[in-house]
Amino acid sequence: MFLKSEIKLLENVCNLCGVSGQEHYVAAFLKKEYEKLGFELLYDNLGSIYAYKKSKVSNPKKVLIDAHMDEIGLMCISIDSNGLIKAARVGGVNDETFYGNRVVLVTRDGKKLVGVGNISSSNSSIDVTKMKFDFGFKNEKEAYDAGVYIGAMMVGIGEFVVLNNGQRLLSKAFDDRYGITLGLEILKFFKNKDLPYDLYVGGSVQEEVGLRGAKTISNVIKPDLAICLDCSPARELDGDQGALGQGVLIRYFDRSMIAFPKLLQLQEKACQKAKVKYQYFQSPGGTNAGQVHLYGDGVLTLTHCICARNLHTPSTIIDADDYHAAKKSLICLLKMLNDKTFAKLSKN
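Residues numbered from 1 in each chain as written. Predicted model: local features only at pLDDT ≥ 70, side-chain atom pairs only at ≥ 80, totals over all residues. Heavy atoms only, no water.

Draft legend 1. Geometry of the layout of surface pockets. Here the largest pocket is characterised by a volume of approximately 440 Å³. Lining the largest pocket are 23 residues; nearest its centre among them are Glu208, Arg255, Gly285, Gly286 and His312. In terms of residues, the lining of the largest pocket owes the most to one element, strand S14 (residues 231–233), which gives three residues. Its residues assigned to classes, the lining of the largest pocket shows six nonpolar, 11 polar and six charged. (1 Å grid on protein atoms, 1.4 Å probe; cavity = no way out; pocket = protein on both sides within 12 Å on 5 of 7 lines; lining within 4 Å. Points joined across faces, edges and corners; volume = space filled by probe spheres on them. Helix = DSSP H or I, 4+ residues; strand = E, 2+ residues; numbered from the N terminus. Nonpolar A, V, L, I, M, F, W, Y, C, P; charged D, E, K, R; others polar.)

Draft legend 2. A look at the sheet that holds strand S12 (residues 197–204). Strand order in the open sheet made by the six strands is S1-S2-S12-S3-S13-S17, with mixed pairing throughout. On the outer flanks of this sheet lie strand S1 (40–43) and strand S17 (300–303), each paired with one strand and no other. Sheet twist, expressed as the mean angle between neighbouring strand axes with direction ignored, is 20 degrees. Where strand S2 (residues 49–53) and S12 come together, five bridges link them in antiparallel fashion. Its bridge partner lying in S12, Tyr50 is registered against Gly202. Sheet strands in contact with helix H6 (residues 261–274) are strand S13 (225–228) and S17, and its direction is about 45 degrees off that of S17. In this fold helix H8 (residues 320–336) packs onto strand S3 (61–68), S12, S13 and S17, with an angle of close to 180 degrees to the strand it touches most, S13. (Pairing = 2+ DSSP bridges. Axes fitted to C-alpha atoms, helices over the stretch in contact; angles between N-to-C directions. Contact = heavy atoms within 4.5 Å.)

Draft legend 3. View of the packing of helix H4 (residues 174–190) against H8. Axis separation between H4 and H8 bottoms out at 11 Å; the angle between their running directions is 45 degrees. Compared by their axis directions, H4 and H8 come out oblique. Where H4 crosses over H8, the two elements pack in a sense that is right-handed. For the pair H4 and H8, the contacting residues are Tyr178, Thr181, Leu182, Glu185, Ile186, Phe189 and Phe190 in the first and Tyr323, Ala326, Lys327, Leu330, Ile331, Leu334 and Lys335 in the second. (Parallel < 35°, antiparallel > 145°, perpendicular 65-115°, else oblique. Left-handed = near helix turned anticlockwise from the far one by under 90°.)

Draft legend 4. Quick look at the pairing of strand S15 (residues 248–254). In terms of burial, S15 is a largely internal element, five of the seven residues being buried. Of the pairings in the sheet, the one linking S15 to strand S16 (residues 278–283) comprises six bridges and is parallel in character. Counterpart to Asp254 in the pairing with S16 is Ser283. Where the polypeptide runs from S15 across H6 and back to S16, its parallel neighbour, the crossover connection is right-handed. (Buried < 20%, exposed > 50% of the residue type's maximum accessible area, 1.4 Å probe, protein only. Right-handed = clockwise from strand over helix to strand, strands pointing away.)

Draft legend 5. Broad picture of unusual backbone geometry. In the segment running from Asp175 into Asp176, the intervening peptide bond is cis, with an omega of 10 degrees. With respect to the helices and strands, Asp176 occurs in helix H4. Phi angles above zero are rare outside glycine, and Ala173 is one such case at about 65 degrees. Locating Ala173 in the fold gives a position in the loop between strand S11 (168–171) and H4. For Ala173, a relative accessible area of 8% corresponds to the buried category. The backbone phi angle of His312 is positive, close to 65 degrees, even though this residue is not glycine. Inspection of the secondary structure assignment puts His312 in the loop between strand S18 (306–308) and strand S19 (316–319).

Take a look at the structure:
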């Protein structure tokens, strides 16, 4: 079961609105949490934010724990004379989830306006770019007066709900607020522990539109080893890999990266040592690992994911056993990293 403290943190993070390019509310939350823990901060020029813990050893390696702050959503691109709003996709949007369902538009001053997606009766296909979003305005002026602006972000409303007495959680944006939350948990765990490497943990921007923040933050940090935390689609309903409750994903292959075999072996060993479940996973999608591992002359990079049902919808479900497996095994893996481990990983 999820602990009450975990539920509270996940709820706070998931309820933040932050589509690609407008992650500032998530970044502000992280800044506050990182400073509360006493960590120094580091940024790139796109809006990514990282806390870092310096090692006491000389010439330490740099280990990056990355998660992305952005969620999929929409962007206001025009306001009709009758007050209806047209939108563009931001990331891999599931169009069906917006038809007849409620959305939130965030004004410049942070006010949240509730509306709904509509389709013309003459339109037989569900295409979000052909939808008109109704926020109750009678005309264009009312929309502008309420704070609507061209470029405003819109996200599907997904109430945070505790399921089955805390065994599972239902919410929007577990992709990748799971990773953002786990990163905070890792910082709390290692806050007062010495490490033989510099540890960087944080949130990058614009993953859902092309892994952009992963590229810029890699240029800033220049990691020797990276671990990307993300939430992948459970495909068990299709009889495929990725089942809820079956543990950490050993993500060996996807569209953006073929995993490093030695790192996968280390990840498996960490799961075994932590006595948690793990499962093998390949995906037609990608993660920030696809960009980070290409930095410089190549970076040892690993994904550390869990899966969720209904990914890229406002009704995503994750399992407590998976979350705890990811947390325990990641802590174990980070404890296993030292000069000897790096030497073994780096041998060709």
